[in-house]
Amino acid sequence: MTNHPQDATATTPPTEKPLVSVICATYNQVSYIRQTLDGFVCQQTTFPFEVIVHDDASTDGTTTVVKRYEKKFPALIKPVYQPKNIYQNDKKAFNEFYFSICSAPERGKYIAFCEGDDYWIDPLKLQKQVDFLESHPDYSICYTHTAIFHQQENGFAPGGGLRPNLPETSDIYHLAKGNFILTASVMLRNSPRLWKTLSDNIGNNAVGDYMIWMLAAREGKIGKLDDVTAVYRVHAGGEWSGATQTRQWQRMLDLLEGMIGIFHDDDPKVAATLGGQFFSTAVKLGAALANEGRINDSLACFSRAAQHPPQRHCPVCDADVFAFDPLPAYYEAMQSRNGYMFAGKAAEMCNARDYSCPRCGAADRERLYAMFFRDIFATLQEKKATGPFEFLEIAPNAAFARFVKSFPFVNYRSMDRFMAEVDDHFDICDMGGYGDGRFHFIVCSHVLEHIPDDRQALRELHRILNPVGMALIVVPIILELAEDYEDPSKTTAEERWRHFGQNDHVRCYSKNGFVEKLQTAGFTVQQLGVGHFGEERFAKAGIEPQSVLYVVERRAEGKTGEGC
């Protein structure tokens, strides 16, 4: 392992291509640049790396400091000295030059960044991130925790300014909701496509690191290391931290507008999510400008906001939203960690990218249930039905429960064996407290995969369903399975993650196997999919096209069901 500060002669020979290129932009940061450079030369690695210091014609002594480090570590520190400042005079020219540095063919396989007023505190930062990316070829970004230091107060933010809830694994859809990556912490997998896209979309404004992360995230997933490796310095002269809130919002609007343009055709989901950021930022900026008395600027800002209206709708809470939240990365991470047998197999109904509503939290399956019942209840209202209709939800979802209770002719009850705040506590395999044929509507969603004897549970559901009622019975289905897969010997959490995809599941369902169980229990089965609801309604509610709703009834003996 190379330890640069102790032995400058041990650094990378000039002829050896580095594995990592560190990019450091600096201008008039003489008070901070030594600490930044020390963080570079202290890196201990098993591979060659280089540090490109781009000094944009500093006038405060920064250049002198950089030259001293260049002289001491000539094979490591490779400065670029501008004869005159570019950024302040021509931001487009600055971006063009900056991207030409990053995209040069002699750059490394990986790119790391650290501005001249931030610094690294972990001598193994580069080694840890390279190790991660080398062992995870499907990841394009690796970042770490970053402490936040307030220069004026001469101290770190409470808790170090660390954000404890950042996901271990995320992707472009998480990132499109808001930037959670700080520059000094990041390492990217170098990509010609990334730099070409940036060069083609420079415009006249600063591009911003967020755009770099977003474009890099097109290439793969985003991984977080729990180590604190870097410090972000907040000070009055900072390019971002030193700007006013109004100025930050103005710059963010320009940045978001540029990214929306890039992703508009490439990935509409990403563009719509960025549109949500744009809308909320424009509204905040418009209000701030109005408070400053800049009425015309405020009106123009609100007009910009109107250019990006919400594109999605949640049938559960009846709210227009810009995008649905993705499935928490925890599930994929745990499946990967435990070697889930059916990883990558298509699920019939699970939109991981548009999983939950940001307003009410309803998952895509609850949104489909609400879509179905809005149609059913509208028909009942047209027929002036007064009810009350007995409605049972097993293992209830709070948002969906509120939706059902909003209809006055429905008498809603909830049931679960373990959940505290339900109306009734029964075992689904023995619901003796309910009389035969009691319920006109039943929703049993993602329950049976937890039950050892799912056939008995289905017989009980058949018993309590009204002869003229209907039930939605839904389980997670893996489309590529020919038959249900279960193994009662798998009882530990790790075994169940590996075999069934979740620690409390006891089987994986196939489509044929599930339908057979429904029919054996005495149900007729109707399968309602995109052909029933329509492509536009599915898309607007964030429902995957292959999703199917299983509607079962007791009547019409012998009828086996209809297609999607």
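This text goes with the structure placed above it.
The structure displayed is predicted, hence computed values, not measured ones.

Asks: It is not clear to me how the nonpolar core should be interpreted in this structure. Could you clarify?
Replies: Grouped together as the largest cluster of nonpolar side chains are 55 residues, with contacts concentrated most on Phe-113, Met-214 and Leu-274. By residue number, the principal contributor to this core is helix α8 (residues 245-266), which donates 9 residues. Apart from residues no more than four positions distant in its own chain, Met-214 is found in contact with Ile-172, Leu-175, Ala-176, Met-259, Phe-263, Val-270 and Leu-274. Counting 39 residues, the second largest nonpolar core, distinct from the first, contains Leu-380, Phe-403, Val-474 and Ala-541.

Asks: Honestly, the pairing of strand β16 (residues 410-415) in this entry has me stumped. Any pointers?
Replies: The side chains of a regular strand alternate between both faces of the sheet. In the sheet, strand β15 (residues 389-394) pairs with β16 via 6 bridges, with the strands oriented parallel. Residue pairing in the sheet places Glu-393 in a bridge with Ser-414 of β16. Handedness of the crossover is the feature at issue here: the chain leaves β15, passes through helix α13 (residues 398-405), returns alongside β16, and the resulting connection is right-handed.

Asks: Would you mind showing me how to read unusual backbone geometry here?
Replies: Note: most residues except glycine have negative phi, and most peptide bonds are trans. At Asn-154, a residue that is not glycine, the phi angle is positive and equals roughly 55 degrees. Tracing the backbone through its elements, the reader meets Asn-154 in the loop between β8 (139-150) and β9 (155-156). Take Asn-154: its relative accessible area is 60%, and that puts it in the exposed class. At Ala-395, a residue that is not glycine, the phi angle is positive and equals roughly 55 degrees. The residue Ala-395 is located in the loop between β15 and α13 in this model.

Asks: Help me out: how do you make sense of the packing of helix α6 (residues 192-200) against helix α7 (residues 209-216) in this one?
Replies: The relative placement of two packed helices is expressed as an angle between their axes plus a distance between the axes. Orientation of α6 relative to α7, taken along the N-to-C sense of each, is 135 degrees, at an axis distance of 9 Å. In terms of their interaxial angle, α6 and α7 are classed as oblique. Crossing of α6 over α7 shows right-handed handedness. In contact with Leu-194, Trp-195, Thr-197 and Leu-198 of α6, α7 contributes Met-211, Ile-212, Leu-215 and Ala-216. Along the lines of polarity and charge, the residues of the contact of α6 with α7 split into 7 nonpolar, 1 polar and no charged.

Asks: Please explain the pairing of strand β4 (residues 49-55) as it appears in this structure.
Replies: Across the 7 residues of β4, 7 count as buried, placing the element largely inside the fold. Neither face of β4 is left uncovered, since the one carrying Phe-49, Val-51, Val-53 and Asp-55 and the one carrying Glu-50, Ile-52 and His-54 both have all their residues buried. Inspection of the sheet shows β4 paired to strand β5 (residues 77-81) by 5 bridges, in the parallel sense. Residue pairing for β5: Ile-52 is matched across the bridge by Lys-78.

Asks: How do you make sense of the side chain of Glu-553 when you look at a structure like this?
Replies: Tracing the sequence through the fold places Glu-553 in strand β22 (residues 549-553). Beyond its immediate stretch of four places on either side in the chain, Glu-553 contacts Leu-465, Gly-469, Met-470, Gly-522, Phe-523 and Thr-524.

Asks: What should I look at first to understand the state of the cysteines in this one?
Replies: Covalent bonding between the sulfur atoms of two cysteines defines a disulfide. In the structure shown here, the tally under the stated rule is 0 disulfides. You can see Cys-114 has no disulfide; the closest cysteine sulfur is in Cys-24, sitting 6.0 Å from it.

Asks: Would you mind going over the sheet that holds strand β17 (residues 439-445) with me for this structure?
Replies: Picture the strands of a sheet paired through backbone hydrogen bonds; they go either parallel or antiparallel. In spatial order, the strands read β16-β15-β17-β18-β22-β21; together these 6 strands make up an open sheet with mixed pairing. Whereas interior strands pair on both sides, the edge strands pair on one side only; in this sheet they are β16 and β21 (524-528). Pairwise comparison of adjacent strand axes, ignoring direction, gives a mean angle of 20 degrees for this sheet. Two elements, β17 and strand β18 (residues 465-474), share 6 bridges in a ladder whose sense is parallel. Bridge pairing in β18 places Phe-439 opposite Leu-465. Strands β15, β17 and β18 of the sheet are contacted by helix α14 (residues 454-464), whose axis makes an angle of about 145 degrees with β18.

Reading the values: the criteria
- Residues numbered from 1 in each chain as written.
- Predicted model: local features only at pLDDT ≥ 70, side-chain atom pairs only at ≥ 80, totals over all residues.
- Heavy atoms only, no water.
- Core = buried A, V, L, I, M, F, W, Y, C linked by side-chain atoms within 4.5 Å.
- Buried < 20%, exposed > 50% of the residue type's maximum accessible area, 1.4 Å probe, protein only.
- Helix = DSSP H or I, 4+ residues; strand = E, 2+ residues; numbered from the N terminus.
- Contact = heavy atoms within 4.5 Å.
- Pairing = 2+ DSSP bridges.
- Right-handed = clockwise from strand over helix to strand, strands pointing away.
- Axes fitted to C-alpha atoms, helices over the stretch in contact; angles between N-to-C directions.
- Parallel < 35°, antiparallel > 145°, perpendicular 65-115°, else oblique.
- Left-handed = near helix turned anticlockwise from the far one by under 90°.
- Nonpolar A, V, L, I, M, F, W, Y, C, P; charged D, E, K, R; others polar.
- Disulfide = S-S within 2.5 Å.

By themselves, these figures tell us nothing about what the structure is for.
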